[in-house]
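Structural characterization, general
What follows is the residue order along each chain.
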Amino acid sequence: MPWKRSSSGKGFTRLLPGGGLFILLLILTINTGHARESTDRTSDDTNTGALVINNLTIPAEAISRMHALVQRDDPTLDRKAFIDALIESHLVASHVREQGLADVVLDSHGVGFAPAVQIDNRQVATLRVLFAEPLAAAVKALGKNGLNALLAAPIDPDWQAVSRALGSPVRHVYSLSLAEQRAAAGVPLAHYQLPGSEQTRTVTLADIYQRQNVQGRIALHEGDHTWLVRETQLYIGQQFVRAWSKQKAPVTGTTLSAINTLVEDRLLRQAWLAHSGVATEIHAGNPALKAASEQVSRAAIQRWYQANRARFRSVRAAHASVVRCSDKYACENWLATKGSAQSTQAWPASSSKDVTVTNQWYQRDSTRNWLTDVVLMQPDDKPPAPIRGPGGNSWYLVQVNERKWHTHSVDSLTVDIVARREVAREQLVQDYLGLTARLREQAHIRRPAS
């Protein structure tokens, strides 16, 4: 397949402006155990105000910078709660690493980014935001061509060599064989030189391919020239951020290392929550949640059902007065002159040029339509208001006069599925709380004095 023509790539311009915030998704847990904590300052003055978690020392500046970053999205998050979250994330992430599960929990089953790429992308994105202004100044200092100034020559690889290395675009699995990986490693895409370095570096097709999710791999196999150029630019830009951070960032190397660790910790903890079935966004197909669901007893289902019976109650049918109007003004006028005086009873049926009033039952069945859905979902305390119908040719007023309810029985399949999942998740959450309590109890933690 011939490679598609490229427009001027914007991969470099995607690198710095906006996006990529380190957003700490906090699940603050109940302290069911007490770690060996101390507020004593360390003897090393460089660690004054630092947080110590076992063998990790997080300098005060790393805490302050990351806390300020997170507060952009959650201004109410105080420093104590933030430090609590850092401690929990690091303990859980360390547990994941010690169990050899880091790649397992970050595995996206071939459709997402590789674990190492996920970590690198998240760390670079965080650095971009933490040091946005000095990074922008550093790019500006490169000249009018910006990050393109790093290139030894414009990105214009041998596209036939690229196509040969990637093989046939018609594939059952979008990944490279060992032979194709070797071929891709031999296809240079660009040569660049970072500021302060005398070494010219080469970006190969293999470098870019291994950093793609399935969408990116498909684009490459389909011969998307623009995609490959932009991804090459983005890769070089990320290398620039890494190099600049090590050489020019206004923080010490220890602080920079701690920031990268905190980002990786948060990512691993979030992945562990998903892997272990705790995260609420995980569907019933999660293996851990599915396994736990199969162990839930009938007695537990019945207890949960009795405590949550309202969740299985729904409107089966409703009697409603419906006003169909020629336009919104006609509905508003009718409501002002007639509807308000009869708001507690059914509106009398009537018909005129602009307004038709009907009274009937609407029932949930296989022939549902939009008006039935509106009637059945109408809240009790919601006053009638004009609703635009499909196509915009008519407007409606809806008042529900009577409802018939249906509640699923405890033995129904719906209850069984939902209750099993929720009871299992509650148990998995308790297991997680138990894990974090044990980790805290076994850890050496020294919180900052202030």
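The following refers to the structure shown.

Rules used throughout
- Residues numbered from 1 in each chain as written.
- Predicted model: local features only at pLDDT ≥ 70, side-chain atom pairs only at ≥ 80, totals over all residues.
- Heavy atoms only, no water.
- Helix = DSSP H or I, 4+ residues; strand = E, 2+ residues; numbered from the N terminus.
- Buried < 20%, exposed > 50% of the residue type's maximum accessible area, 1.4 Å probe, protein only.
- Areas by Shrake-Rupley, 256 points an atom, 1.4 Å probe, with all protein chains shown as cover.
- Pairing = 2+ DSSP bridges.
- Contact = heavy atoms within 4.5 Å.
- Axes fitted to C-alpha atoms, helices over the stretch in contact; angles between N-to-C directions.
- Arc of directions from axis to C-beta.
- Disulfide = S-S within 2.5 Å.
- Salt bridge = Lys/Arg side-chain N within 4 Å of Asp/Glu carboxyl O.
- Core = buried A, V, L, I, M, F, W, Y, C linked by side-chain atoms within 4.5 Å.
- Parallel < 35°, antiparallel > 145°, perpendicular 65-115°, else oblique.
- Nonpolar A, V, L, I, M, F, W, Y, C, P; charged D, E, K, R; others polar.

1. Considerations on the overall build of the chain
Helices and strands together make up the secondary structure of the chain, namely 16 helices and 11 strands. Residues classed as buried in the chain amount to 45% of the 450 residues present. As presented, the chain carries roughly 23,900 Å² of accessible surface, and 51% of it is formed by carbon and sulfur atoms.

2. Topic: the sheet that holds strand β7 (residues 350–351)
Here five strands make up an open sheet; going across it, the order is β7-β8-β6-β10-β9 and the pairing antiparallel. For this open sheet the edge positions go to β7 and β9 (387–388), each flanked by a neighbour on one side alone. Pairing of β9 with strand β10 (residues 395–407), which is carried by two bridges, proceeds in the antiparallel orientation. Bridging from a neighbouring strand, Ile 387 pairs with Tyr 396 of β10. Each of β6 (313–325), β8 (355–363), β9 and β10 touches helix α15 (residues 370–377); the most contacted strand, β6, lies at about 115° to it.

3. Structural notes on helix α5 (residues 132–140)
Residues of α5 that are buried include every one of Leu 135, Ala 138 and Val 139, and no others. The arc that holds the buried residues of α5, viewed along the axis, is 100°, so those residues lie on one side. Seen from the buried face of α5, the exposed residues on the opposite side, beyond 90 degrees, are Glu 133 and Lys 140.

4. Remarks on the state of the cysteines
In this structure the tally under the stated criterion is one disulfide. Note that Cys 325 is cross-linked by a disulfide to Cys 331, the S-S spacing being 2.2 Å. An S-S torsion of about 105° defines the bridge between Cys 325 and Cys 331 as right-handed. For Cys 325, a relative accessible area of 1% gives the class buried.

5. Considering the pairing of β10
Two strands pair when backbone bridges link them, and β6 and β10 are joined in this way by 12 bridges, in the antiparallel orientation. Across the sheet, residue His 319 finds its bridge partner in β10, namely Glu 402. With antiparallel pairing between neighbouring strands as the criterion, β9 and β10 make up a hairpin whose turn holds six residues, including Gly 391 at a positive phi of roughly 85°.

6. Considering the pattern of salt bridges
Per the stated rule, a full pass over the model turns up 13 salt bridges. Across the salt bridge formed by Arg 211 and Asp 120, the nearest N and O atoms sit 2.8 Å from each other. Residue Arg 211 is located in the loop between α8 (205–209) and α9 (214–221), and its partner Asp 120 is located in helix α4 (residues 115–130); the two are separated by 91 residues in the primary sequence. Assigned by exposure class, Arg 211 and Asp 120 land together as buried. Notably, a salt bridge pairs Glu 422 with Arg 421, separated by 3.6 Å at the nearest N-O pair. Connected via shared salt-bridge partners are Arg 298, Asp 411, Asp 416 and Arg 420.

7. Some details on the side chain of Ser 245
Along the chain, Ser 245 falls in helix α10 (residues 225–248). Those residues in contact with Ser 245, other than ones at most four positions away along the chain, are Leu 127 and Leu 256.

8. Points about the nonpolar core
Counting 92 residues, the largest nonpolar core has Leu 51, Ile 58, Phe 131 and Leu 205 as its most contacted members. A per-element tally of this core places helix α11 (residues 253–275) first, with 10 residues. Residues contacting Ile 58, with those up to four places away along its chain left out, are Ala 50, Leu 51, Ile 53, Ile 63, Ala 258 and Leu 262.

9. Topic: the environment of Ala 206
Relative to the elements of secondary structure, Ala 206 occurs in helix α8. For the pair Ala 206 and Glu 180, spaced 26 residues apart in the sequence, the C-alpha separation amounts to 9.0 Å. Once residues lying within four places of it in the same chain are set aside, the contact partners of Ala 206 are Gln 181, Ala 184 and Ala 185.

10. As for the packing of helix α1 (residues 60–71) against helix α2 (residues 79–98)
Packing of α1 against α2 brings their axes to within 11 Å, and their N-to-C directions diverge by 105°. Our classification of the angle between α1 and α2 gives roughly perpendicular. Contacts from Ile 63, Met 66, His 67 and Val 70 of α1 reach α2 at Arg 79, Phe 82, Ile 83 and Leu 86. The class makeup of the residues in the contact of α1 with α2 is six nonpolar, one polar and one charged.

Geometric values such as these leave the question of function open.
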